[in-house]
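Single-letter residue listing:
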Amino acid sequence: MHDLKQVAAASLAALKEAGADKAQCTARCTETHEFNVDGGKFSLFRTLFDNSLALAAIREGRRGTVSVNRFDGESIRQTAENCLAVAASGEADAAWDFAPETANASFTDGAPEADLDRLFDRTEELMRDIGARHPKILMEQMIVAHKKVTSVYENSLGAAYSRLYGCYEIELMFSAHEGEKSSSFFGSYVCTDSLDAPFITLGSIEEDLANVERQIDTVPLDGKFVGVALLPPSSLGEFLGSLLENFAGDSVLLDGTSLWKDKLGQRVADPRITLSAAPLDERIVCGERYTGEGYPSENYDVIRDGVLESFMLSDYVSRKTGLPRAKNASGAIIMHSGDKPLSEIIAGIERGIWVGRFSGGEPGTSGDFSGVAKNSFLIENGKITTALSETMISGNLAEILNNVVAVSRETVADGSSVLPYAAVGGVTVAGK
Amino acid sequence: MLDDIITSAAKLLPSDAHAELRAQMNRSCRVTLRGGNLIGNAKNETSGVSARVYRRGVYGFSSMAECSADAVASVVRAADENARFMARRAPSPDKAPIAPIPASSIPAVAPFTDPEQKYYADFAKAIDAYIAEKYPSLASRTVVATSDSMEKILAVSDGAGGHTASPRSYMYVFLNGETTSGTPIELYTVFGGSGTYEKNFKDPASMYEEIDRLYEHLMQKREGIYPDAGEKTCILSGTLAGMLAHEAVGHTVEADLVLGGSVAAHCLGKRVASDKVSLVDFAHTAFGRPTPLPVVLDDEGTPATDAELIRDGILVGYMNSRETAAHFGMTPTGNARAWMFSDEPLIRMRNTAILPGTDKLADMIASVDDGYYLIDTNNGQADTTGEFMFGVTFGYEIRGGKLGRALLDTTISGVAFEMLKTVDMVSDTVKWDSSGFCGKKQPMPVGLGGPELRCRVMVGGK
């Protein structure tokens, strides 16, 4: 095992020696044990030992970054020199900096040590459970892994962190089959630090399997209507990701192309919407503890009760724009639950669509989206009826956030996010 | 370049099982200028060794971030232990032995070097300065200079070994504007291909004409219209035909996805396209020239040859690993590739293209009374059912056989094996693209290409 604090100290010294005014080092060791299932059968067991050394330097306002996966003295020296050469190739920009000494902390969390026999048993059990409870499902690929990560961050301004964590990740990709008929594929993901519960009970795995089994027989939608889209966590997360990137992220604020650029402190969404970036929430497994720029991670609200409270900006773009820096860079999004049970929300929809997955063009800064509603169901007169195929949906991200019909009481926590089911209006649904 | 610590260490591989041993180095550089701000200036290099062992129908794999004799011994031992664990706990003894490959050696590659980061940065700054000066009214602009490479030394217990390298390098130019009604619009273009950055980019001025064309298209798009939604007669550009070949057809005929339930499982030997459509996954040579990203040896020790997939509209083959080739009774063609030293080989496409026909693009446009010529795309997704969705970022309406107004962003969708049956004209010119990564557990550089196709396809409208 490498002494990462020694690696970090040697790296900062090498960067200084090479001429850096300010320097930063992140050293990381990752040990992965992973079981793979392909086409419904166990196929592979792999064990990976990887290292990562990421150096950044600022000299005369010019910044460079270099990363390698070696820790020996000669590699550190060469990487430091390369880093300064990369910096020299750039332009001076006063906005580049590293975090001041705001914290000096050490963290241990999750399940750092793998219990491989139990992990294999749980994986086998999941295969058995799926076979028994969802016999039409064919597992295209299942990846079950334990990751143990040791990392150290240090910069020349005095910020220093060390961390040890471990977690189990379960990724499924599957479809349902009956003779030559099949559903579209669907993916489920869960991150956990415990092997106490059967995997099929985690996240939305069981619900996802059941829904896909009901999507073998589909019909194309006849005609076109404007109605309600019911977004379960699987597609809600995709829409929120696009929305935050296009309205609150680094690029669009740096460009000045964000539609929200002048909306800080103003209402941008229905008052029932509260969106937090919260890596320290107990439902987030092994969430971020410090940012890549050296700041301690804190939870914050992007939108609170419909009001834009914060952009999601890096320190660099914060300095460029004069807008506040985001308090973490985790992507651990939590959307607060509503007060209606999902069954009541469905019962209240006269005509709409359940969108399990969205396959569409990446929405641009206008927020317009258009694409195929995959793994979808038609909702008519308060009931989920038939599964749909070749059905397009379109709308605008900013508009649907202001056109909320209901937010469910139920949420799905998959270890990386916590999301409810959201019903939004004003979505165009079009068949062939 | 890598020192060869692999060939002599092949003796460490178990003698009673198929096994592979690989050393690999990946390098990349990326310089990003956004609105003149140098927001990214990074270099990356990773290297290490890995081994994979096959026992009773299951694999064990291990990797280590170190290129040394000790690391080689460790990964061979760990991979065999993992294979034995799986052979004990979850064997598939009914699987056929993996497909045999005669022993041989691929000639070593010529050494290559990356230019200094300054070369990338200076080139990107020159392009950015040209755009900033000539087109000051743009809402924003982004210039990216990038390269990546994989270098591998492979030894296998049975099959071909060798030393291969595949550098590629690109420049991306993004231009942003607004429509007359204030809607943000964007177009981008890519330059480059296989080879080092210095080889592909010598003179910034050689790119100006294409940048001017991109700006002209952006100005046309400012006045653009949304197409009418519904099934239309369209001409897909070579770029879109290539995406169709890769996303909507290629993935469904990767043998691991066939075993995972793709639509192609039931289509072998059947008609899946009109007789004007043929599709090949090329290895290293296509149409008498090197492919955009030549592959000569895969990571299971199979020398790369072309995989014929669709011949005159009939599905005739899959892309295989040695394991799936044995399952389907096919010949492996070198499709099992790994992205990094720590990745196991997966079935991947190399250079997948629809073959050219005999039609001229001008005749194809003239043949459409009411439809669209769809040219550029920014993304595409497809299902294992063959249902696809592609974003379309630029195109023209066609009215009475003539190009009309430019189009705003839209989407096209359909089911590949149904839509391909509507192809009734195929142009005589193939356009290749190779700058992207295919995503399937691991990223992988791939080439994709095709001629213009006339077909019926669902257009999303607004």
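Residues numbered from 1 in each chain as written. Chains lettered and ligands numbered in written order. Predicted model: local features only at pLDDT ≥ 70, side-chain atom pairs only at ≥ 80, totals over all residues. Heavy atoms only, no water.

Enquirer: Any chance you could explain the packing of aromatic side chains here in plain terms?
Expert: Each aromatic ring pair is summarised here by two numbers: the centre-to-centre distance and the angle between the ring planes. All told, the structure shown has 33 aromatic pairs over all chains when counted by the stated rule. Ring pairing ties together the aromatic residues F35, F42, F45 and F120 of chain A together with F85 of chain B, which thus form one cluster. Taking the ring centre of F377 of chain A as reference, the NZ or CZ of R214 of chain A above it sits at 4.6 Å. (Phe/Tyr/Trp six-rings, centres within 6.5 Å; stacked < 30°, edge-to-face > 60°. Lys NZ or Arg CZ within 6 Å of the ring centre and 35° of its normal.)

Enquirer: Got a minute to help me understand the domain arrangement of chain A in this structure?
Expert: Many analyses report the size of an interface as the accessible area lost when the parts associate. Residues and elements named next belong to chain A. Taken domain by domain, chain A holds domain 1 (4–213) and domain 2 (217–432). Its C-alpha centre places domain 1 at a distance of 25 Å from the equivalent point of domain 2. Contacts between the two partners involve 37 residues from domain 1 and, on the opposite side, 28 residues from domain 2. Of the roughly 2,500 Å² buried between domain 1 and domain 2 on both sides combined, carbon and sulfur atoms contribute 56%. The tally of links between domain 1 and domain 2 comes to 4 salt bridges. Between D217 and K181 there is a salt bridge, with its nearest N and O atoms 2.8 Å apart. Our count for the domain 1 to domain 2 interface comes out at 16 residue pairs in polar contact (both at pLDDT 80 or more). Elements with a contribution of two residues or more to the side of domain 1 that touches domain 2: strand 4 (104–110), strand 5 (137–155), strand 6 (160–178), strand 8 (186–192) and helix 4 (205–213). Looking at the side of domain 1 that touches domain 2, the element that brings in the most residues is strand 6, giving 6 residues. Residues belonging to the side of domain 1 that touches domain 2 are distributed by class as follows: 19 nonpolar, 10 polar and 8 charged. (Domains from an automatic or database assignment. Contact = heavy atoms within 4.5 Å. Buried area = accessible area lost by both parts, 1.4 Å probe. Salt bridge = Lys/Arg side-chain N within 4 Å of Asp/Glu carboxyl O. Polar contact = N/O pair within 3.5 Å; in protein donor to acceptor, adjacent residues only side chain to side chain. Helix = DSSP H or I, 4+ residues; strand = E, 2+ residues; numbered from the N terminus. Nonpolar A, V, L, I, M, F, W, Y, C, P; charged D, E, K, R; others polar.)

Enquirer: Can you walk me through the domain arrangement of chain B in this structure?
Expert: Residue and element names in this part refer to chain B. For chain B, the domain assignment lists domain 1 (7–222) and domain 2 (230–459). Spacing between the C-alpha centres of domain 1 and domain 2 amounts to 21 Å. Facing the 51 residues of domain 1 at the interface are 39 residues of domain 2. A combined buried area of about 3,400 Å² lies between domain 1 and domain 2, and 58% of that area is made up of carbon and sulfur atoms. In this assembly, domain 1 and domain 2 are joined by 5 salt bridges. Measuring nitrogen to oxygen at the nearest pair gives 2.9 Å for the salt bridge that ties D158 to R322. Between the two partners, domain 1 and domain 2, sit 21 residue pairs in polar contact (both at pLDDT 80 or more). Going through the elements one at a time, strand 1 (18–34), strand 2 (37–55), strand 3 (58–64), strand 4 (104–106), strand 5 (140–156), strand 6 (160–178), strand 7 (184–194) and helix 4 (208–222) are the ones with two or more residues in the side of domain 1 that touches domain 2. Of the residues that constitute the side of domain 1 that touches domain 2, the class distribution is 23 nonpolar, 19 polar and 9 charged.

Enquirer: What is the right way to read the pairing of strand 2 of chain B from this model?
Expert: On any regular strand, side chains alternate: one points to one face of the sheet, the next to the other face. With 15 of its 19 residues buried, strand 2 of chain B lies for the most part within the structure. Bridge analysis of strand 3 (residues 62–68) of chain A against strand 2 of chain B gives 4 bridges, and the strand direction is parallel. Bridge pairing in strand 2 of chain B places V68 of chain A opposite E45 of chain B. Sheet analysis places strand 1 of chain B next to strand 2 of chain B, joined by 17 bridges and oriented antiparallel. Bridging across to strand 2 of chain B, C29 of chain B finds its partner in K43 of chain B. (Buried < 20%, exposed > 50% of the residue type's maximum accessible area, 1.4 Å probe, protein only. Pairing = 2+ DSSP bridges.)

Enquirer: I'm lost on the nonpolar core in this one. Help?
Expert: Nonpolar side chains in soluble globular proteins generally cluster together in the buried interior. Residue and element names in this part refer to chain A. W260, I273, L275, I303, M335, I353 and I393 are the most contacted members of the largest nonpolar core, which has 60 residues in total. The leading source of residues in this core is helix 5 (residues 233–248), at 7 residues. The two domains that each donate at least three residues to this core are domain 1 (4–213) and domain 2 (217–432). If we ignore the near neighbours within four places in the chain, the residues touching I303 are W260, V268, A269, I273, T274, L275, L308, E309 and L401. (Core = buried A, V, L, I, M, F, W, Y, C linked by side-chain atoms within 4.5 Å.)

Enquirer: What is the right way to look at the sheet that holds strand 24 (residues 431–433) of chain B in this model?
Expert: Backbone-to-backbone hydrogen bonds join strands into a sheet, with any given pair of strands oriented parallel or antiparallel. All names here are of chain B. Pairing is mixed across the open sheet formed by 6 strands, whose spatial order is 13-12-9-16-27-24. Looking at which strands have only one partner, the edges of the open sheet turn out to be strand 13 (314–315) and strand 24. In the packing of helix 5 (residues 238–250) onto the sheet, the strands contacted are strand 9 (279–282), strand 12 (307–311), strand 16 (351–354), strand 24 and strand 27 (447–450), and the crossing angle to strand 27 comes to about 120°. (Axes fitted to C-alpha atoms, helices over the stretch in contact; angles between N-to-C directions.)

Enquirer: What exactly am I supposed to notice about the pattern of salt bridges here?
Expert: Once their charged atoms are close, side chains differing in charge can pair, the charge on each being opposite to the other. Counted under the stated rule, the structure contains 61 salt bridges over all chains. The salt bridge partner of R70 of chain A is E45 of chain B, with a shortest N-O separation of 2.8 Å. Residue R70 of chain A is located in the loop between strand 3 and helix 2 (73–88), and its partner E45 of chain B is located in strand 2; the two belong to separate chains. On the accessibility criterion, R70 of chain A (19% relative accessible area) is buried. As a salt-bridge pair, E81 of chain A and R77 of chain A come within 2.8 Å of each other at their nearest N and O atoms. With a gap of 4 residues between them, E81 of chain A and R77 of chain A both fall in helix 2, about one helical turn apart. One network of salt bridges, in which partners are shared, links K22, D97, D315 and R319 of chain A.

Enquirer: Explanation requested: the interface of chain A and chain B in the structure shown.
Expert: If you look at the interface, chain A gives 70 residues, while chain B gives 63 residues. Linking chain A to chain B there are 12 salt bridges. With its nearest N and O atoms 3.5 Å apart, the salt bridge here joins R89 of chain B to D117 of chain A. Counting every contact that joins chain A to chain B gives 41 residue pairs in polar contact (both at pLDDT 80 or more). Among the elements that make up the side of chain A that touches chain B, the one with the highest residue count is strand 2 (residues 41–59) of chain A (11 residues). Of the residues in the side of chain A that touches chain B, the class split is 20 nonpolar, 29 polar and 21 charged. As judged from the 6 bridges shared by strand 2 of chain A and strand 3 of chain B, these two strands associate in the parallel manner. Looking at the pairing, L48 of chain A lines up with S63 of chain B of strand 3 of chain B.

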